[in-house]
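Structural features, examined
These are the residues of each chain, in order.
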Amino acid sequence: MAILQIIENPEKQQWATLLSRPVINPENLEKDVRKIMEDVKRTGDKAVMEYSVLFDRTNAIDLKVQEEEFDEGGKKLSKELKSAIRQAEKNISTFHNNQRMLEPEVETLPGIRCWRKSVAIEKIGLYIPGGTAPLFSTLLMLGIPARIAGCKEIIICTPPQKDGTIHPAILFVAKLLGITMIFRVGGAQAIAAMAYGTETIPQVYKIFGPGNQWVTQAKKLIQQEGIAIDIPAGPSELAIYADESAVPAYVAADLLSQCEHGADSQVILVTDSLSFAEKVNLELEEQIEKLPRKNIAEKSLENSKMFLISSSSVSMDLLNMYAPEHLILVCRDAETLAANVHNAGSVFLGNYTPESAGDYATGTNHTLPTNGFARAYSGVSIDSFVKKISFQKLTKEGLQSIGNTVIEMARAEGLKAHAEAVVIRLKT
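The structure contained in this document is the topic of the report that follows. Think of each chain on its own: its residues are numbered from 1, step by step along the sequence as written. Under the rules for a predicted model, residues below a pLDDT of 70 receive no local features and side-chain atom pairs below 80 are neither given nor counted, while totals for whole chains, interfaces and linings still include all residues. The basis for every side-chain value is the complete set of heavy atoms in the structure, and neither hydrogens nor water enter the calculation.

A separate point is the layout of surface pockets. We place a 1 Å grid over just the protein atoms. Points where a 1.4 Å probe fits but has no way out form a cavity, open points with protein on both sides within 12 Å along at least 5 of 7 lines form a pocket, and any residue with an atom within 4 Å of a point lines it. Grid points are joined across faces, edges and corners, and a volume is the space filled by probe spheres set on the points. Size it by volume and the second largest pocket reaches roughly 290 Å³. Arg 100, Met 101, Ser 118, Ile 382 and Val 386 are the residues nearest the centre of the second largest pocket, which is lined by 16 residues in total. Looking at the lining of the second largest pocket, the elements that each hand over two or more residues are β3 (112-120), α6 (136-149) and β14 (386-394). Runs of E in the DSSP output that reach at least two residues are strands. Runs of H or I that reach at least four are helices, and both are numbered from the N terminus. For the lining of the second largest pocket, the element with the most residues is β3, which contributes 5 residues. Residues of the lining of the second largest pocket, tallied by class, amount to 8 nonpolar, 2 polar and 6 charged. In the scheme used here, Gly and all other residues not listed as nonpolar or charged are polar, with Ala, Val, Leu, Ile, Met, Phe, Trp, Tyr, Cys and Pro taken as nonpolar and Asp, Glu, Lys and Arg as charged.

Okay, helix α16 (residues 396-412) next. At 3.6 residues per turn, the α-helix brings residues three or four places apart onto the same side. Here α16 contains 17 residues, and its C-alpha end-to-end distance of 24 Å stays within 8% of the 24 Å for a straight helix at 1.5 Å per residue. Most pronounced at Ile 402, the bend in α16 amounts to some 50°. Throughout, exposure labels follow a simple rule: accessible area from a 1.4 Å probe, protein chains only, divided by the maximum for the residue type, with under 20% read as buried, over 50% as exposed, and the rest as partly exposed. Of all the residues in α16, the buried ones are Gly 398, Leu 399, Gly 403, Ile 407 and Ala 410. Gly 414 occupies a position one or two residues after α16 and carries a positive phi of about 75°. Take the number of residues in a helix, subtract one, and multiply by 1.5 Å to get its expected span. In this scheme, the bend at a residue equals the angle between the axes fitted to the seven residues that finish there and the seven that begin there.

Moving on: the packing of helix α8 (residues 187-196) against helix α9 (residues 213-224). Note on geometry: axes are C-alpha line fits, over the in-contact stretch for helices, and angles between N-to-C directions span 0 to 180 degrees. Where α8 meets α9, the closest approach of the two axes is 7 Å, and the angle between their N-to-C directions is 25°. The orientation of α8 relative to α9 falls into the category roughly parallel. Seen from above, α8 lies across α9 with right-handed handedness. Here Gly 187, Ala 188, Ile 191 and Ala 195 of α8 come into contact with α9, specifically with Trp 214, Val 215, Ala 218, Lys 219 and Ile 222. Roughly parallel covers angles under 35 degrees, roughly antiparallel covers those over 145, roughly perpendicular covers 65 to 115, and oblique covers all other angles. Handedness of each helix crossing follows the sense of rotation of the near helix against the far helix: counterclockwise by less than a right angle gives left-handed, clockwise gives right-handed. When checking whether two residues touch, look at their non-hydrogen atoms; a contact exists if any pair is within 4.5 Å.

In this section: the pattern of salt bridges. For this document, the term salt bridge refers to a Lys or Arg side-chain nitrogen within 4 Å of an Asp or Glu carboxyl oxygen. The tally for this structure, following the rule as stated, stands at 16 salt bridges. Where Glu 72 meets Lys 75, a salt bridge forms, and the shortest distance between an N and an O atom there is 3.5 Å. Of this pair, Glu 72 and Lys 75 both sit in helix α4 (residues 67-75), 3 residues apart, roughly one helical turn. You can call Glu 72 partly exposed: its relative accessible area is 39%. In this structure, the salt-bridge partner of Arg 332 is Asp 243, at a minimum N-O distance of 3.4 Å. Residue Arg 332 is found in the loop between β12 (326-330) and α14 (334-338), and its partner Asp 243 is found in the loop between β9 (237-242) and α10 (248-259); the two are separated by 89 residues along the sequence. Residue Arg 332 is classed as exposed on the basis of its relative accessible area of 65%.

Structurally, Ile 7 can be placed in strand β1 (residues 5-8). On a C-alpha basis, the gap between Ile 7 and Phe 307 in space is 4.8 Å, while along the polypeptide they are 300 residues apart. The contact partners of Ile 7, leaving out residues within four places of it in the chain, are Leu 18, Lys 305, Met 306, Phe 307 and Leu 308.

Moving on: the packing of aromatic side chains. Note on ring pairs: Phe, Tyr and Trp rings are taken, using the six-membered ring of Trp, and paired if centres are within 6.5 Å. Classes follow the plane angle, with under 30 degrees stacked, over 60 edge-to-face and the rest tilted. In total, this model carries 6 aromatic pairs according to the counting rule given. Aromatic side chains Phe 208 and Phe 385 sit 4.1 Å apart centroid to centroid with 10° between the ring planes, which places their arrangement in the stacked category. Residue Phe 208 is found in strand β7 (residues 206-208), and its partner Phe 385 is found in the loop between α15 (355-360) and β14; the two are separated by 177 residues along the sequence. In this pair, the class of Phe 208 matches that of Phe 385, namely buried. Each ring, one from Phe 373 and one from Tyr 377, has its centre 5.8 Å from the other, and the planes form 85°; the classification is edge-to-face. Grouping aromatic residues by their ring pairs yields a cluster made of Tyr 51, Phe 55 and Trp 214.

So, on to the sheet that holds strand β11 (residues 305-308). At least two bridges found by DSSP between two strands are what make those strands a pair. With respect to topology, 6 strands assemble into an open sheet ordered β1-β11-β10-β9-β12-β13, the strand pairing being parallel. Each end of this open sheet is capped by a strand with a single partner; those strands are β1 and β13 (346-349). Looking at each pair of strands side by side, their axes are set apart by 20° on average, direction ignored. Summarising the sheet, strand β10 (residues 266-271) and β11 pair through 4 bridges and their orientation is parallel. By the bridge assignment for β11, Leu 269 is matched with Met 306. Contacting β9, β10 and β12, α10 runs over the sheet at an angle of about 170° to β9. Seen against the sheet, helix α11 (residues 274-288) touches β1, β9, β10 and β11 and runs at an angle of roughly 165° to β11.

Listed below in structure tokens is the structure:
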């Protein structure tokens, strides 16, 4: 039965335990993923194709998607879906274009000019899940800011379907964004291929995109080797704060929208009304029966809870401690409470702002920190695809104005050569 356990006014010392995420830690996962990565590093395409046959059961022979396949992908989509994708692309582009900011040059003292410049990461790899749920929306969320940032080389790795083809929506979005390099490979072998490079798949400097536990483990391992990744990723999650001004059916629908992602997803509802919590549980029971992914959603609900807390300030403390990937505030004072959100990936306000709107088409990015990493990480943005390089230029007058400061500090740290690099200039 799709009923969430209701926990009433838990003591603060219990919060950490009650808010713990589901842990999936298969034996030997790291060992198995490391072997895949070592094999790909050693034998390149050969290992990639062998693992693709083993895990994806695909008969694909050519790793690289050919030009004519892009056109075929578009022909297989309905006009309605293509129109929806174009609308989402427009909104996401509009939102992310606004993140392009030119920082001003600063004169810290007469003769000392400092400035900072955003420079696009030249080579990036996008991992786009393509199995039971081909996430072409993630390609929009990653490809658009990469394009706006000016990344020169963008490649995509995505698992093929059983017949070796790529899902047509992924091909359509790639063509819409002007991305021409797609490789039909998924799993840890795809992450390894992008990290190390193979005969066919280029090496990249930073890897983006969600995936299963194998993909996530591979990203963790390649990060240890100096290849950058977007953000720490884990199972999807949603927290909701609601009072009796919220619509129980809407809240239940939002909870289930996250539960269908995976059995290891988690949802949390915090409310001040027992009556409201019970109504949501009744809605969950009714709505879950209509879902094609009912079994997955039911398992996710087993990881999930409702909290009955009378104080909104205590509720916000609990939610900030949880630091959810997605947070919905649907209550009378939602915008006021929003000012107290310190830890969340993305926030949704009001009865008519479902989390799924942000997943697809409002314009904000849906690639967000999970597993509590929202305490320190932001979601993907233009900044994720650039490096910030600082510059400075000093005149002789400028060096004279800070020369003694540099000399004194360098000598105090025992770094005589640092001091002498200034002294020699001040003598001339």
